[in-house]
Amino acid sequence: MQRIPNKYQLLVFIFLINILSSQAQMLHKDYSSQADSVLQLMTLEEKIGQLNQYSNDRKNTGPVINNKNHLEEIRKGKVGSMLNVTSVSRAKQYQEEAMKSRLRIPLLFGMDVVHGMKTIFPIPMGEAASFDLELMRKTAEIAAAEASAHGLHWTFAPMIDIARDARWGRVMEGAGEDTWYGSEVAKARVKGFQGNNYNDRRTVLACAKHFAAYGVAIAGKDYTGADISENTLHQVYLPPFRAAIEADVATFMSAFNDVNGIPATAHKPLMRDLLKETWKFNGFVVSDWGSVGELQNHRVAANAEEAALLAVTAGCDMDMCSASYIGNLEKLVKEGKVDIAIIDDAVKRILTKKFELGLFDDPFGYNYREAELDDELINKAHRKIAREAGNKSIVLLKNNAALPLPGTVRNIALVGPLCTSRWDMIGNWGAMGKPEYVTTILDGFKTALPNCKITHIEGYDPRTNEIKELPELSGFDVIIVAVGEKASESGEAKSKVDININSNHQQLVKRLKEESNKPVIALVMGGRPLVFSAMEPYADAILVTWWLGVEAGNSIADVITGKYNPSAKLPMTYPRHSGQCPIYYNHKSTGRPWSKDNQYTSRYIDEDIRPAYPFGYGLSYTTFHISAPVLSKEQYGFNEKIILKTTVKNTGNYKGKETVQLYLQDVVSSVTRPVIELCGFQQVELEKGEEREIEFVLTSKDLGFFNIYNEFVTEPGEFKLFVGNSSENATMLKSASFYLAK
Ligand code: NOJ
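Every residue gets a number counted from 1 within its own chain, in the order that chain's sequence is written. pLDDT decides what is reported in this predicted model: residues at 70 or higher carry local features, side-chain atom pairs at 80 or more are listed and counted, and totals for whole chains, interfaces and linings draw on all residues regardless. The side-chain values count all of the structure's non-hydrogen atoms but skip hydrogen atoms and water molecules.

Novice: Describe in detail the packing of aromatic side chains, supporting the description with residues and values.
Specialist: To describe a pair of aromatic rings, one takes the distance between the centres and the angle between the planes. Two rings belonging to Phe, Tyr or Trp (six-membered ring only in the last case) form a pair when the distance between their centres is within 6.5 Å. Interplanar angles under 30 degrees mark stacking, angles over 60 mark edge-to-face geometry, and anything in between is tilted. Tallied over the entire structure, the rule returns 24 aromatic pairs. Note on Tyr181 and Phe681: the rings are 5.8 Å apart at their centroids and 80 degrees apart in plane angle, and the pair reads as edge-to-face. You can see Tyr181 sitting in helix α8 (residues 179-194) and its partner Phe681 sitting in strand β22 (residues 677-686), a full 500 residues away along the chain. Like Phe681, Tyr181 is buried. Ring geometry for Phe719 and Phe738: centres 5.5 Å apart, planes at 15 degrees, overall stacked. Placement of Phe719 in strand β26 (residues 717-724) and of Phe738 in strand β27 (residues 736-740) is noted, with a sequence separation of 19 residues between them. Relative accessibility decides the category of a residue: with a 1.4 Å probe and only protein chains considered, values under 20% of the type maximum give buried, values over 50% give exposed, and everything between is partly exposed. The exposure class assigned to Phe738 is buried, which follows from its relative accessible area of 0%. Secondary structure is summarised from DSSP: a helix means a run of H or I of at least four residues, a strand means a run of E of at least two, and numbering begins at the N terminus for each.

Novice: Before we move on, could you go through the pattern of salt bridges and cite the residues and values that matter?
Specialist: Each reported salt bridge corresponds to a side-chain nitrogen of Lys or Arg within 4 Å of a carboxyl oxygen of Asp or Glu. For the structure shown, the criterion picks out 50 salt bridges. Arg167 serves as the salt-bridge partner of Asp165, at 2.7 Å between the closest nitrogen and oxygen. The exposure class of Asp165 is buried, given its relative accessible area of 4%. With its nearest N and O atoms 2.6 Å apart, the salt bridge here joins Glu485 to Lys496. Note that Glu485 is positioned in the loop between β14 (478-484) and α19 (503-516) and Lys496 in the loop between β14 and α19, a separation of 11 residues in sequence.

Novice: How would you explain empty space enclosed by the protein if you had to name every residue and give the values?
Specialist: In the cavity and pocket records, a cavity denotes points on a 1 Å grid over the protein atoms alone where a 1.4 Å probe fits but cannot get out, a pocket denotes an open set with protein on both sides within 12 Å along at least 5 of 7 lines, and lining residues are residues with an atom within 4 Å of a point. Grid points are joined across faces, edges and corners, and a volume is the space filled by probe spheres set on the points. Scanning the entire structure with this criterion turns up 5 cavities of 30 Å³ or more. Looking at the largest cavity, its volume works out to about 110 Å³. Lining the largest cavity are 14 residues; nearest its centre among them are Thr61, Asp112, Asp288, Trp429 and Glu492. Residues are grouped as follows: Ala, Val, Leu, Ile, Met, Phe, Trp, Tyr, Cys and Pro are nonpolar; Asp, Glu, Lys and Arg are charged; every other residue, Gly included, is polar. Looking at the lining of the largest cavity residue by residue, the class counts come to 7 nonpolar, 2 polar and 5 charged. The space that makes up the second largest cavity amounts to roughly 90 Å³. Along the walls of the second largest cavity sit Met42, Glu46, Gln50, Ile74, Gly77, Val79, Ala98, Ser101, Arg102, Leu103 and Ile105, which together make up its complete lining. Of the residues contributing to the lining of the second largest cavity, the split by class is 6 nonpolar, 3 polar and 2 charged.

Novice: Go over the layout of surface pockets, please, and point to the residues and values.
Specialist: Estimates place the volume of the largest pocket at around 1100 Å³. Contributing to the lining of the largest pocket are 36 residues, with Thr179, Gln235, Pro239, Phe706 and Phe712 lying nearest its centre. Only α8, α9 (230-237), α10 (239-246) and β22 provide two or more residues apiece to the lining of the largest pocket. A per-class count over the lining of the largest pocket returns 15 nonpolar, 10 polar and 11 charged.

Novice: Break down the nonpolar core for me, citing the residues and quoting the values.
Specialist: Buried Ala, Val, Leu, Ile, Met, Phe, Trp, Tyr and Cys residues form a nonpolar core when they are joined through side-chain atoms within 4.5 Å. By size, the foremost hydrophobic cluster in this structure holds 204 residues, and its most contacted members are Phe211, Phe252, Phe445, Ile521, Phe532 and Ile560. In contact with Phe532, not counting residues within four places along its chain, are Leu397, Ile501, Gln506, Val524, Ile542, Tyr574 and Tyr613. Leu664, Ile694, Leu703 and Val723 belong to the second largest nonpolar core, which has 23 residues in total. Residues are treated as being in contact if the distance between any of their heavy atoms lies within 4.5 Å.

Novice: Tell me what's going on with the site of the ligand, and back it up with residues and numbers.
Specialist: Residues are counted as near a molecule or strand when any one of their heavy atoms sits within 4 Å of it. Not every one of the 13 residues close to the ligand is listed here, only the nearest: Thr61, Asp112, Arg170, His210 and Asp288. Criterion for pocket placement: a molecule counts as inside a cavity or pocket if more than half of its atoms are within 2 Å of its grid points. Here the ligand occupies the largest cavity. Taken together, the residues of the shell around the ligand break down into 6 nonpolar, 2 polar and 5 charged.

Novice: Tell me about the sheet that holds strand β12 (residues 411-415), residues and numbers included.
Specialist: The pairing criterion for strands is at least two bridges between them, as found by DSSP. Strand order in the open sheet formed by 6 strands is β11-β16-β15-β14-β12-β13, with mixed pairing between adjacent strands. Taken across any chain shown, the strands that pair with only one partner, and hence form the sheet edges, are β11 (395-399) and β13 (453-457). Put simply, the sheet's adjacent strands are angled 20 degrees from each other on average, direction ignored. In terms of strand pairing, β11 meets strand β16 (residues 541-544) through 4 bridges, oriented antiparallel. Along β16, the bridge assignment pairs Asn399 with Ala541. Strands β12, β13, β14 and β15 (520-525) of the sheet are contacted by helix α18 (residues 441-448), whose axis makes an angle of about 170 degrees with β13. Only the contacting stretch of a helix is used when fitting its axis, a line to C-alpha atoms as for every element, and angles between N-to-C directions run 0 to 180 degrees.

Novice: Describe in detail the pairing of strand β21 (residues 656-666), supporting the description with residues and values.
Specialist: For a regular strand, the rule is simple: side chains alternate between the two faces of the sheet. Along β21, 10 of the 11 residues are buried, which leaves the element largely enclosed by surrounding structure. Bridging between β21 and β22 involves 9 bridges; their strand directions are antiparallel. Looking at β22, one finds that Glu658 is bridged to Val684. In this sheet, β26 lies alongside β21 in antiparallel orientation, the contact comprising 6 bridges. Bridge pairing links Leu664 to Leu721 in β26.

And the structure:
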């Protein structure tokens, strides 16, 4: 039986904790002893309460759950965290209830703030196309500032799942298919959300999700299992999570899927052994929505009690929305099936974060006044970054000298309902973004080109996709048409078997070209790589414009008019046919590599094996020449720096930015390795005619991989390095070879 402190003892205790904790915050001390002191006062019921998370009953981001009594449960100390609390007043109300509980342990408020809170930035995959890590850090920082001002302490982001199958709707949330790049983006986003100090009221805790291998999504189907080799798991899917820990990520979320036979939420080898023991992760793990309860659907647990037993033992600390912990852990502990040490460890991890956030000092510190929010949050400075992020995310795929728009253009047709849509520019996971904050494409063009006549033509019905009657088109100087996905077509539970752009949209592009005989520019919107080979020949220029957020219209107008020269690169391969999925540039070597002259090679008989547009691809209005790479030596020792130089020259007519990509090939290794893999990149901005030498420095660690025993090793031998401005043309340039000595 726990000793219940009287009111006086409690007040003294809380006073002492406050003094200790504020001193510790100033000194960046470890909060573990404070967490221990609170833990000692807690009953078993209160401890289990800390492991329980409910959703605000006014917003659900998963199957609806019945939590009518959550206010009462909060008062009883039976809830540790709430998600989806979207208003300051509601957050205050919940926190006030928590302050009525016996130990007054504050609630932690979490939400999916994925690409902005109110100032919505491009969707994460779009932003990843910028290859601008500082930009991604910055947009996460702004998202965190807006979220924390809204009373939130914690975002369920970044999603750092490597995604190689465009049929999977969630590819939009991540950084694409490359593990090395995905790890860099993971670090940038975690740092952006969290800043340097959890206690800073403008930052929030980040959450590395979904641990692990959720992106495998067999056949692109959401929530399916990941049946992959241990080697692929370690080599491809786990490194971004390791990188997130390097960036000091506060929390992890377990994935819905099973990993090689064990659902991720019950995966002891991954969560308790690897994450907590080997990687020494000291934050806490939250389940995904209902995933503890879903262990029953996976058929590894016969009932909610078994599900709770499996998940908590495996290292899942907090139960999001399945109520399996709150309903069963007390009994499991009392029956000796769950060791109290496991519960204490989980509770301590959660309490520590609450201390680090400064919540014990001031449980209401994050709750600003709602009335001020709009002006304060969706302000000019934030919008400026959103516009810059939009500029830098747009990928130019094709340009038959149609862009930038010549100054002689006076009469422009903007075609398609996406040109006036606000909701779709916000994209999936729009947090508190509102349509009224969005600059539409039409508005963006009107502002950018005040001397032009701009006519909007509906083009097709947004609901049925039927082509609408088209007016006479020959009078326009140029036609800009937006096609592709609505925001509701990519995201969670938005898997597709066919990633072709709707055939009517593609037919529309053809008709616009044939009926106008004027330059037609296609804007491809969407959250995933799409296939559009039917319209491709009829578009003079094609731009991937994702869903760019609140500044979508201005960002697109900047690029079309040449105010911003496009610089983005595809973070995911664009297939030419859905049947090629999953398709990625860094596939393994095969015994029979594709050759167009030999039928007994790795190929399709009904389609080209190559993608439509490769990873790393993206054009500029200017052209660049990248010279063959030169290495400082032919042979290196294990502790030597490998230095490679190359020269980039702007050979075209505009100032522009190139992303020079460095790819590695381990020529012979003990396990099969990718044909090439990205190991570095640099962005260089050059005036017309300017050239610059750039240098890449690698160490032997950069040449390493997981061997057959899943140990990270670097094997001596020959390596090749390639430079280029896409994964495809890099291999066409002359490579530089070197030996790593034994
Ligand atoms: C389910 C999603 O998989 C996850 O990413 C999200 O954070 C939770 N729902 C909460 O909304």
